[in-house]
Amino acid sequence: MASKLLNLVALSSLAIMACTFGAAPTTALSTGHIHNNHLNRQLSHAPVAKKRRDQSKRCKTRSSTASPTPSSTPSAKAQAVTTRPAKQTSATTHSSAPPASTTKASSGNSGSSSGSSPDLGSFGKAGSKICAAWGDGNDPSLANFKTSHVVGLYDWGVDKPTNADKLGFQYWPMLWGGSQDKIDAFEAAIKPGLGTILLGFNEPNEQGQSNMDPTTAAQLWKQHIEPKRSMGYKTCSPAMSSRPNGFDWMTEFMKACDGCTVDYQCVHWYDIGFDTLKTYLEKYHDLLGLPIILTEFADQNFNGGGQASMDDIWDFMGQAIKFFDETDWIMGACPFGIMHDLQGVNTLNLLQGSDGKPTDLGYFVINGGQ
């Protein structure tokens, strides 16, 4: 009897030890952090321009989700210049809501509120609304892309191609961002007659681009862009990326830039499908009531999922060009891009071949969709 009791005690001890020192059960919480896969991740590509121009100018970031708030860059305040409110332009295909700000200038081809009016020729007229987002510096292949349908040209900076004037392009210089080297280059280059329209900062709502808050951007505008109107320039707003935070950013900029003069709204767009583009442009026009220059766009998915096919892109571009020509508040549209390397954008959007000549799609675009 005593031996049986001893055996029972021994077995019980072993059972207790097994429960105490055995492996712990695995659960979902015990395996560590759960990492979300962000489909709306940011992608980037660098610029192709004069001597592979400063890569900070064209490193793209795109997402349909809210971006982090851009960091603030200190800047001294400047005195605002009082200007007249703009004359409204009505849409042929879409009516706009009351504008969000009173800091607008006269639009279209009418005169500036200060200085002489630049000669904008056929700019903004049906059949002449394509502009060149040019990334090849002084490459002579620029001549292959000048037609009566292609009027404006810009290069994300102030280095006008040497043959731009001879070919008949209107050059649009840009103050890309708020760093001192960009400001110094802009101030040194901008003279009467260099171009016709000054473009504002490149995607300041993106951390990977000019990255500044609306108040800082307004201060820099007052210091460096607004005074150039006395030289005869018109002005286009900072260019928002297609991230949704751009709408709030622009609203805050227009409030902060009291007394500033903005002739046109610059915007960028990368997404899939013409209907998406049309809705996006109408929303910006409803927000600010300004004529729009679409300074970058492509049928490109940066938000995860599939890319457009070649047939899709042809259909998209045909519908887009038709819409641009039929809509009087669309002043210009610069497809991305006329360059040898699209650097991250679906290469089916290429407008320039390796030989420097337009691709089939390029010929279609520069001939106004014909």
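Rules of the game
- Residues numbered from 1 in each chain as written.
- Predicted model: local features only at pLDDT ≥ 70, side-chain atom pairs only at ≥ 80, totals over all residues.
- Heavy atoms only, no water.
- Helix = DSSP H or I, 4+ residues; strand = E, 2+ residues; numbered from the N terminus.
- Contact = heavy atoms within 4.5 Å.
- Areas by Shrake-Rupley, 256 points an atom, 1.4 Å probe, with all protein chains shown as cover.
- Buried < 20%, exposed > 50% of the residue type's maximum accessible area, 1.4 Å probe, protein only.
- Pairing = 2+ DSSP bridges.
- Right-handed = clockwise from strand over helix to strand, strands pointing away.
- Axes fitted to C-alpha atoms, helices over the stretch in contact; angles between N-to-C directions.
- Parallel < 35°, antiparallel > 145°, perpendicular 65-115°, else oblique.
- Nonpolar A, V, L, I, M, F, W, Y, C, P; charged D, E, K, R; others polar.
- Salt bridge = Lys/Arg side-chain N within 4 Å of Asp/Glu carboxyl O.
- Disulfide = S-S within 2.5 Å.
- Left-handed = near helix turned anticlockwise from the far one by under 90°.
- pLDDT = per-residue confidence, 0-100.
- Expected span 1.5 Å × (residues − 1).
- Arc of directions from axis to C-beta.
- Core = buried A, V, L, I, M, F, W, Y, C linked by side-chain atoms within 4.5 Å.

1. Details of the overall build of the chain
Helix and strand counts for the chain stand at eight helices and eight strands. Taking the intrachain contacts of the chain between residues at least 6 apart in sequence as the baseline, contacts between residues at least 24 apart amount to 73%. Accessible area for the chain stands at about 16,100 Å²; split by element, carbon and sulfur atoms hold 56% of it.

2. Overview of the pairing of strand E6 (residues 265-271)
Burial analysis of E6 places six of its seven residues in the buried class, which makes it a mostly covered element. Pairing between E6 and strand E7 (residues 292-299): seven bridges, direction parallel. Within the sheet, the bridge partner assigned to Val267 lies in E7 and is Leu294. Following the chain from E6 across helix H6 (residues 274-288) to the adjacent parallel E7, one finds a crossover that is right-handed.

3. Thoughts on the packing of helix H3 (residues 180-189) against helix H4 (residues 214-225)
Each pair of packed helices can be described by the angle between their axes along with the distance between the axes. Following both chains from N to C, one finds H3 and H4 inclined at 30 degrees, their axes separated by 11 Å at the closest point. One element, H3, and the other, H4, form an angle in the roughly parallel class. Where H3 approaches H4, its residues Ile183, Phe186 and Glu187 are matched on the opposing element by Leu220, Gln223, His224 and Ile225. Residues of the contact of H3 with H4, tallied by class, amount to four nonpolar, two polar and one charged.

4. Regarding the pattern of salt bridges
Tallied over the entire structure, the rule returns 10 salt bridges. Close ionic contact of Glu282 with Lys278 constitutes a salt bridge, the shortest N to O distance being 2.8 Å. Of this pair, Glu282 and Lys278 both sit in helix H6, separated by four residues, roughly a single helical turn. Through salt bridges with shared partners, one network takes in Arg229, Lys234 and Asp263.

5. Here's the deal with the state of the cysteines
Where two cysteines share a covalent bond between their sulfur atoms, that bond is called a disulfide. One pass over the full model with this rule turns up three disulfides. One disulfide bridge connects Cys131 with Cys334, the sulfur atoms lying 1.9 Å from each other. Looking down the S-S bond of the Cys131 and Cys334 bridge, the torsion is -100 degrees, so its handedness is left-handed. In this pair, Cys131 is assigned in strand E1 (residues 130-133) and Cys334 in strand E8 (residues 330-335), connecting sequence segments 203 residues apart. Of the two residues examined, Cys131 and Cys334, each falls in the buried class.

6. Observations concerning the packing of helix H5 (residues 245-256) against H6
It is at 11 Å that the axes of H5 and H6 come closest, and there the two elements cross at 25 degrees. Between H5 and H6, the angle is such that the two are roughly parallel. As for the relative orientation of H5 and H6, their crossing is right-handed in sense. Counting all contacts with H5, which are made through Gly246, Phe247, Met250, Thr251 and Met254, the residues of H6 involved are Tyr280, Lys283, Tyr284, Leu287 and Leu288. Tallied by class, residues from the contact of H5 with H6 come to seven nonpolar, two polar and one charged.

7. Examining the confidence of the model for the chain
Across the chain, the average pLDDT comes to 78, with 69% of residues at or above 70. Segment residues 14-102: pLDDT under 50, and 193 contacts once partners within four positions in sequence are set aside and those in other chains are kept. Every residue in residues 106-114 is under pLDDT 50, and counting partners more than four places away or in other chains gives 37 contacts.

8. What about the environment of Met339?
Position of Met339 among the secondary structure elements: in the loop between E8 and helix H8 (360-366). By relative accessible area, Met339 is classed as buried at 2%. Put simply, Met339 and Leu351 are 12 residues apart on the chain and 7.4 Å apart in space, counted from C-alpha to C-alpha.

9. A look at helix H7 (residues 310-326)
For H7, spanning 17 residues, the distance from its first C-alpha to its last is 25 Å, which sits close to the expected 24 Å at 1.5 Å a residue. Taken as a whole, H7 has its buried residues at Ile313, Phe316, Met317, Ala320, Ile321, Phe323 and Phe324. In an axial view of H7, the angular spread of the buried residues amounts to 160 degrees, which keeps them on one side of the axis. Each element contacted by the buried residues of H7 is listed here: E1, E6, H6, E7, E8 and H8.

10. Some details on the nonpolar core
Nonpolar side chains in soluble globular proteins generally cluster together in the buried interior. Formed by 63 residues in total, the largest nonpolar core has its most connected members in Phe253, Leu281, Leu294 and Phe324. Per element, the largest residue contribution to this core is seven residues, and it comes from H7. Discounting residues that sit within four places of it in the chain, Phe253 has contacts with Pro214, Ala217, Ala218, Trp221 and Pro238. Formed by 26 residues, the second largest nonpolar core is a distinct cluster that contains Trp156, Met174, Trp176 and Met331.

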